[in-house]
Amino acid sequence: MGTTRPMDAWTHASFAVPPEHVAALCECIETLFPWSPIVRKPDLVGYRLGDDLNRGALYLRPTPAARALHAALERLRRLDAELGHALAGVEALDADVNDHQGIRIVTVDAWEARVATARELSRARPELAVSVVAVRRPGDPGAPTDYLHQAWVRLGLLGPWRNTFELQALDPRKVPLT
């Protein structure tokens, strides 16, 4: 018989962002996710994903360096065709292949509500730069299983890449027993 070993835990994701994006990002996060704010200071904004801080948190780190990087990348993208094509290629990757953070939503109904909220934000508030990149339900082409619901929501204000969250929900009637 084996012994139980302590497990590592993924504790947080942290994003350096332009300071002028923080208020809109907070609005996106607070609209899309029922996460608890845990810190709000000029140089750090944090959200706890659940009751247990060890289960995950999201942090925004406002910094002028992020502003400079975003501006330089946007300028160079327009001037350098090769860079523009490379970035467009990354943006066009299948959502599940592209860089993203995965979040498990408690129920399929809650997942459906989040997807609907993300779509509404995308439509009604374009300045928030929220987009629903892809949605896959069991039975859809490309769905990996008959029990996993997936949606990729991009928060464009986080930056030009690594700005997407995969929202997942499991259909408990179909999840294989372990």
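Definitions and limits used
Residues numbered from 1 in each chain as written. Predicted model: local features only at pLDDT ≥ 70, side-chain atom pairs only at ≥ 80, totals over all residues. Heavy atoms only, no water. Disulfide = S-S within 2.5 Å. Buried < 20%, exposed > 50% of the residue type's maximum accessible area, 1.4 Å probe, protein only. Core = buried A, V, L, I, M, F, W, Y, C linked by side-chain atoms within 4.5 Å. Helix = DSSP H or I, 4+ residues; strand = E, 2+ residues; numbered from the N terminus. Contact = heavy atoms within 4.5 Å.

Participant: I would appreciate a short explanation of the state of the cysteines in the present structure.
Facilitator: One way to say it: the disulfide is the covalent bond shared by the sulfur atoms of two cysteines. Considering all chains together, one arrives at zero disulfides under this definition. Free cysteine: C26, not disulfide-bonded; nearest cysteine sulfur from C28 at 9.2 Å. C28 sits in the buried class, given a relative accessible area of 0%.

Participant: It is not clear to me how the nonpolar core should be interpreted in this structure. Could you clarify?
Facilitator: The nonpolar side chains of soluble globular proteins are, as a tendency, buried together. Within the largest apolar cluster, 34 residues are counted, with the highest numbers of intra-cluster contacts made by L60, V130 and L155. Of all the secondary structure elements, the ones that give two or more residues to this core are β1 (12-17), α1 (22-32), β3 (44-48), β4 (57-62), α4 (108-124), β6 (130-136), β7 (148-155) and β8 (164-170). Among the elements that take part in this core, α1 stands out by supplying seven residues, more than any other. Discounting chain neighbours no more than four positions away, the residues touching L60 are F15, V17, L25, C26, I29, D43, L44, V45 and L158.

Participant: Please clarify how the side chain of D171 should be interpreted in this entry.
Facilitator: Looking at the element boundaries, D171 is found in the segment after β8. Residue classification places D171 among the buried residues on the basis of a relative accessible area of 6%.

Participant: Before we go on, may I ask you to explain the environment of R123 in this structure?
Facilitator: Looking at the secondary structure, you find R123 in helix α4. Since its relative accessible area comes to 59%, R123 is described here as exposed.

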